[in-house]
Structure formats: C-alpha cells, structure tokens
Amino acid sequence: MYKVFGSKQALLSALVDVTVAGDDEPVALPDRQFVAEIRALTDARAKLDRYARHLLHTHARQAQVILALAAAATADPEAAAIWRKNLDDRRNGMTRFAADLASTGQLRPDHTVDTAADVLWLAMDVRNYDWLVRQRGWPPERFQRWYVDTVAAALLTAPG
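The following refers to the structure shown. Within any chain, residue numbers begin from 1 and follow the written order of that chain's sequence. Local features are withheld for residues below a pLDDT of 70 in this predicted model, meaning they are given only at 70 or higher, and side-chain atom pairs are given and counted only at 80 or more; totals for whole chains, interfaces and linings count all residues. Heavy atoms from the whole structure form the basis of all side-chain values; hydrogens and water molecules are not counted.

Quick look at the overall build of the protein chain
- For the protein chain, the count of helices and strands is eight helices and zero strands.
- Helix and strand definitions follow DSSP, with helices as H or I runs of at least four residues and strands as E runs of at least two, each counted in order from the N terminus. Ordered by position from N to C terminus, the α and β elements of the protein chain give α-α-α-α-α-α-α-α.
- Across the 160 residues in the protein chain, those meeting the buried criterion constitute 38%.
- Restricting the contact set of the protein chain to residue pairs at least 6 apart, pairs at least 24 apart contribute 67%. Burial classes: relative accessible area under 20% of the type maximum marks a residue as buried, over 50% as exposed, and values in between as partly exposed (1.4 Å probe, protein chains only). Contact between two residues is taken to exist if any of their heavy atoms lie within 4.5 Å; hydrogens are not considered.

Quick look at the packing of helix α6 (residues 113-123) against helix α8 (residues 140-155)
- Direction vectors running N to C along α6 and α8 enclose 160°, while the axes themselves pass 10 Å from each other. The pairing of α6 with α8 is recorded here as roughly antiparallel in orientation. Crossing angle aside, the handedness with which α6 passes α8 is right-handed. Mapping the contact onto sequence places Ala-116, Val-119, Leu-120 and Ala-123 in α6 and Trp-146, Tyr-147, Val-151, Ala-154 and Leu-155 in α8. Angular values range over 0 to 180 degrees, each being the angle between N-to-C directions of two axes fitted as lines to C-alpha atoms, with helices fitted over their stretch in contact. Angle categories: roughly parallel below 35 degrees, roughly antiparallel above 145, roughly perpendicular from 65 to 115, and oblique for all the rest. The sense of a crossing depends on the near helix, which, turned anticlockwise from the far helix by less than a right angle, makes the crossing left-handed and, turned clockwise, makes it right-handed.

Comments concerning the pattern of salt bridges
- Any carboxyl oxygen of Asp or Glu within 4 Å of a side-chain nitrogen of Lys or Arg constitutes a salt bridge here. Under the defined criterion, the tally for this structure stands at eleven salt bridges.
- Here Glu-37 and Arg-50 are joined by a salt bridge, their closest N and O atoms 2.7 Å apart. In this pair, Glu-37 is assigned in helix α3 (residues 33-40) and Arg-50 in helix α4 (residues 44-73), connecting sequence segments 13 residues apart.
- Residue Glu-37 is classed as partly exposed on the basis of its relative accessible area, which comes to 32%.

A few points about the environment of Trp-83
- In this structure, Trp-83 sits in helix α5 (residues 77-102).
- With 13 residues separating them along the chain, Trp-83 and Ala-70 place their C-alpha atoms 6.3 Å apart.
- What Trp-83 contacts, discounting residues up to four positions off in sequence, is Ile-66, Leu-69, Ala-70, Ala-73, Arg-90 and Arg-127.

Observations concerning the nonpolar core
- Counting 40 residues, the largest nonpolar core has Leu-48, Tyr-51, Phe-97, Leu-120, Tyr-147 and Leu-155 as its most contacted members.
- Elements supplying a minimum of two residues to this core: α3, α4, α5, α6, α7 (126-135) and α8.
- A per-element tally of this core places α4 first, with eleven residues.
- In this structure, Tyr-147 is in contact with Leu-48, Tyr-51, Ala-52, Leu-55, Phe-97, Leu-120, Ala-123 and Met-124, ignoring residues within four places of it in sequence. Only buried Ala, Val, Leu, Ile, Met, Phe, Trp, Tyr and Cys residues count toward a nonpolar core, and they belong to the same one when joined by side-chain atoms within 4.5 Å.

Observations concerning α6
- Every buried residue belonging to α6 is among Ala-116, Ala-117, Leu-120 and Ala-123, and all of these are buried. Buried residues along α6 cover an arc of 130° about the axis, so they all sit on one side.
- Summarising the contacts, the buried residues of α6 are in contact with α4, α5, α7 and α8.
- A 3.5 Å cut-off defines polar contacts: any pair of N or O atoms within that distance qualifies, except that in protein one atom must be a possible hydrogen donor and the other a possible acceptor, and neighbouring residues in sequence count only when both atoms are side-chain atoms. Capping of α6 at its N-terminal end is provided by Thr-112; its side-chain oxygen lies 3.2 Å from the backbone amide nitrogen of Asp-114. It is the directions from the helix axis to the C-beta atoms that the arc portrays.

A look at the packing of aromatic side chains
- Any two rings among Phe, Tyr and Trp, with Trp reduced to its six-membered ring, count as a pair given centres within 6.5 Å; such a pair is stacked if its planes are under 30 degrees apart, edge-to-face if over 60, and tilted if neither. All chains considered together, the criterion is met by four aromatic pairs.
- Centre to centre, the rings of Tyr-129 and Phe-143 are 5.5 Å apart; their planes meet at 85°, and the pair counts as edge-to-face. One end of the pair, Tyr-129, is in helix α7; the other, Phe-143, is in helix α8, and 14 residues separate them in sequence.
- Ring-pair connections join several aromatic residues into one group, and the members of that group are Tyr-51, Phe-97 and Tyr-147.
- Think of it as a cone above the ring: NZ of Lys or CZ of Arg counts as a charge over the ring if it is within 6 Å of the ring centre and within 35 degrees of the ring normal. Of note, Arg-142 hangs over the ring of Trp-138, and the distance from its end group to the ring centre comes to 4.3 Å.

So, in structure tokens, the structure goes:
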C-alpha cells in the first residue's frame, strides 16, 4: 500500500476523500451534480431539502470512517492534520452554501453569510447523524426532516 500511496497520511487522506465523495472520480465536491441541483433551486427551503438528501447518503457512507478519524486525531498528528483539513473543507463548503441561501433573499436579517455558515456547518456534522440515526434509531427520513426544519428555523425568514 505504501508503494501506491507513499505514506500513512496519504493513504488515510485518500480513504477520507473517497468516503466523502462516494467515488474516486477527480471531480471536486463544488463541481458535483448535487451542488448544481441545489444552485438551480430558487427557494431556500428546497435547497436545504436537496442538501439534506445528499447528506443522508454521505453520512450513511462516511460515519464510521469520519468518527474513527476524529478519534485518531486526538493521538496521531497525521490523522489530526487530515481531520483539520476535513473540518476546513466542510466549513468552506458551508460558506458557499450559506452564500447560495443568502442569494434567495430568504436568510433572516440577523444572519450574515458567515453566521449562516456556522449554523450549516454545525447541523451537517456527522455526529448529529450518528447520534440520531445510528444511536437513537431514527429513520433516515426523520433525520432529513429534522435537518431541514432545524436549519430553516435557525436561518430562514418565516414563509408568507
């Protein structure tokens, strides 16, 4: 394996990347089809719902790997570097998503793109999925509704 990947850090990084993306295609997450579908929607709640569907599939695939990475990061500097990159990548993605939500005009006035990104980043954390679906036994559809309802209540103006 070291002949292919070169180092433990490269191997772990590749595992995380494939687990998050769901494949080994050289397509960055912002260039993926689900992102284009979200951007094409004009309603903020519809954007949240489409993202929540993506999140369900991603979390089901990645929960064990990401939770193991988080645990390893507490003791292994190489794992910690990959964990930090994962956190930064997720925060950057949620900043782009927050800007997209803001473009609908439906973001509450007490939020900036930055504070909206904070809420999105917290809500999409795999540990929420782990606790609610894996630990508490929620059906995935209930998690999806929880995500949309919780984030919409925190970030969006009331409809009507």
